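Take a look at the letters that make up each chain.
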Amino acid sequence: MAGWGNGMSAFDVAMLAVVVLLAVVVVGAVVVGARTLRQIRTMPSAPLPEDPAFIAEKDRQEQSLAALRSAADEANSTVDVAKSAAAAARAEAAAAKAEANAARAEAKRVLEAARVEADTVLERAHRQAEADAEEVRAAARRSGEREVALLASTTREQAVEVERRAQRMDERERLHTEEVERLAERERQLTAANAALAAREAALAERETALAEAEQQRRRELERIAGLTADAARSELIESIETQAKREAALLVRDIESDARETADQRARHIVVDAIQRVASEQTAESVVSVLHLPGDEMKGRIIGREGRNIRAFESVTGVNLIIDDTPEAVLLSCFDPVRREVGRLTLEKLVLDGRIHPHRIEEVYDLARQEVEQLCQRAAEDALVEVGITEIHPELVSLLGRLRYRTSYGQNVLKHLVETAHIAGIMAAELRLDAPTIKRCAFLHDIGKALTHEVEGSHAIIGADLARKYGESEEVVHAIEAHHNEVPPQTIEAVLTQASDACSGGRPGARRESLEAYVKRLERIEEIAAGKLGVEKVFAMQAGREIRVMVKPDDVDDIGAAVLARDVAKQIEEELTYPGQIRVTVVRESRVTEIAR
């Protein structure tokens, strides 16, 4: 508005300058006209009209006067125009000033309204902030009350648990006291029985002394009658019989040894070598690592997941270590349990093919892979039965044989070992003209107990014999199974041939490896120690036995119980096992709540 006022003042000055200039021109014209009139008046009063010079001068002066009048008129009109323009400019300046004043008033009004609105908004914001703060305080108060209630309930539960444990300890102490009293009573009874036995022993000693004296009296009487002492008579008779028996035994032994030396070694060697050469089965050494090839290295990042959540979920669900290193387009799966490792390999293979890798999907694919491995085991058992030629067998035994598809003994696959042993035993039985089907059945089922060694205590030979007896196998088969490791002395030719064929299959070069079996047995024992504790759901030996993860049931084991369980497992492992380095025991207690939105 100040700029607009300055512009209008400059315009006024310019118009005023134009008006002054026009006024000066008009004044000059009037002065020139007045001078001309005076000259005209001062001229001779009676010039001659006929004077051409006078007429010309007069005409010229009249023209000049007319020009001056016209110039004066134009100057007046110009002055009028300038005045009107100046008036219009003044009117526009007045209007602009009025508009500027109105704008200032409007701006003041808007500013005042904005100030009032800002005060209103600020007041509303203060009230809203106070309301929000009150709500937050109320929510915090409610949360604190819930936390206090939860802590109180937890404290009550722990108090109840402590009281229950105290009651159990009191009960155990009472039972211990009763046991001590029973033992004391039994000791008193044993003392009385020992006293009675001592008395009877004294009486028996007296009787033995009397009998010895009577025997001596009888012997002296016989020696007196026969004229020969008893020792001399006995020595003479024994010497005569011994000489005759030695001569006959020497002749018999010489004949038997001669005949056996001629035929036994050659015949036995021929049978064993022929059986092994005719079987000549392949044996692939089992390992504890599987390799899965990937379509590209970018898949490794998807397998690991954000912050490693996918690989942790995979190892927790499958119990298999997943090793991702610089090997191009490949990952390693490590686990001492071949069944678990194969399930993990199939799970990861399906996840890679599907492309969707997240914890929930891993659990779904793991269930599918486990079912597929069970079907593969069933099919492997049926194929082995067809290869051996056994048709009639209980379905439960078929399922147990399928478990041996991924079981190894000193690095040798147990199911392949059974097939190989059955073939060797059948060839030996055919050479000896024995019942080949029965002997092959004995040899094929001799390690069936290894399918349950993780679940049932005891030797696999005794376990296998009990299974065979339970599912209707003949006594010859049962005896051959229980005697193939001499837990029971072998009494039949089937048992002896089963032992021989088992030794031939397991003893040939490259069939077994002692170090792998010892390693696997140590890991199995570690899992058995943890699995035997109360409330344990799953146990996985990880990192080549350097870590054991124990999954517990959250309803049966609380946080304090989890800490106690970890300490108990670690202590029992220290007491029972020998191992290099150290073993970390991790107890996982996880609660899950699932609800379906329909």
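A brief look at the structure comes next. (Residues numbered from 1 in each chain as written. Predicted model: local features only at pLDDT ≥ 70, side-chain atom pairs only at ≥ 80, totals over all residues. Heavy atoms only, no water.)

1. Quick look at the pairing of strand β3 (residues 330-334)
With four of five residues buried, β3 is to be regarded as a mostly interior element. Pairing geometry for strand β1 (residues 289-293) and β3, over five bridges, is antiparallel. Bridging from a neighbouring strand, L292 pairs with V331 of β3. Relative to β3, strand β2 (residues 321-323) runs antiparallel, the two sharing three bridges. Residue pairing across strands places N321 opposite S334, the latter belonging to β3. The turn joining β2 and β3, which pair antiparallel and follow one another in sequence, is formed by six residues; a positive phi near 55° is taken by E329. (Buried < 20%, exposed > 50% of the residue type's maximum accessible area, 1.4 Å probe, protein only. Helix = DSSP H or I, 4+ residues; strand = E, 2+ residues; numbered from the N terminus. Pairing = 2+ DSSP bridges.)

2. Brief notes about the pattern of salt bridges
Overall, the coordinates contain 30 salt bridges when judged by the stated rule. Between E171 and R174 there is a salt bridge, with its nearest N and O atoms 2.1 Å apart. With a gap of three residues between them, E171 and R174 both fall in helix α2 (residues 52-226), about one helical turn apart. Judged by relative accessible area, which is 34%, E171 ranks as partly exposed. Between R361 and D354 there is a salt bridge, with its nearest N and O atoms 3.2 Å apart. By relative accessible area, D354 is classed as partly exposed at 33%. (Salt bridge = Lys/Arg side-chain N within 4 Å of Asp/Glu carboxyl O.)

3. Focus: the side chain of H417
Mapped onto the secondary structure, H417 falls in helix α9 (residues 414-431). Residue classification places H417 among the buried positions, given a relative accessible area of 2%.

4. Side note on the packing of helix α7 (residues 359-388) against helix α8 (residues 395-403)
In the contact formed by α7 and α8, the axes pass within 7 Å of each other and the chain directions differ by 105°. Classed by the angle they form, the pair α7 and α8 counts as roughly perpendicular. Between α7, through C377, Q378, A381, E382 and L385, and α8, the contact on the second element is made entirely by V398, S399, L401, G402 and R403. Across the contact of α7 with α8, the residue classes tally to five nonpolar, three polar and two charged. (Axes fitted to C-alpha atoms, helices over the stretch in contact; angles between N-to-C directions. Parallel < 35°, antiparallel > 145°, perpendicular 65-115°, else oblique. Contact = heavy atoms within 4.5 Å. Nonpolar A, V, L, I, M, F, W, Y, C, P; charged D, E, K, R; others polar.)

That is the geometry; function is a separate question.
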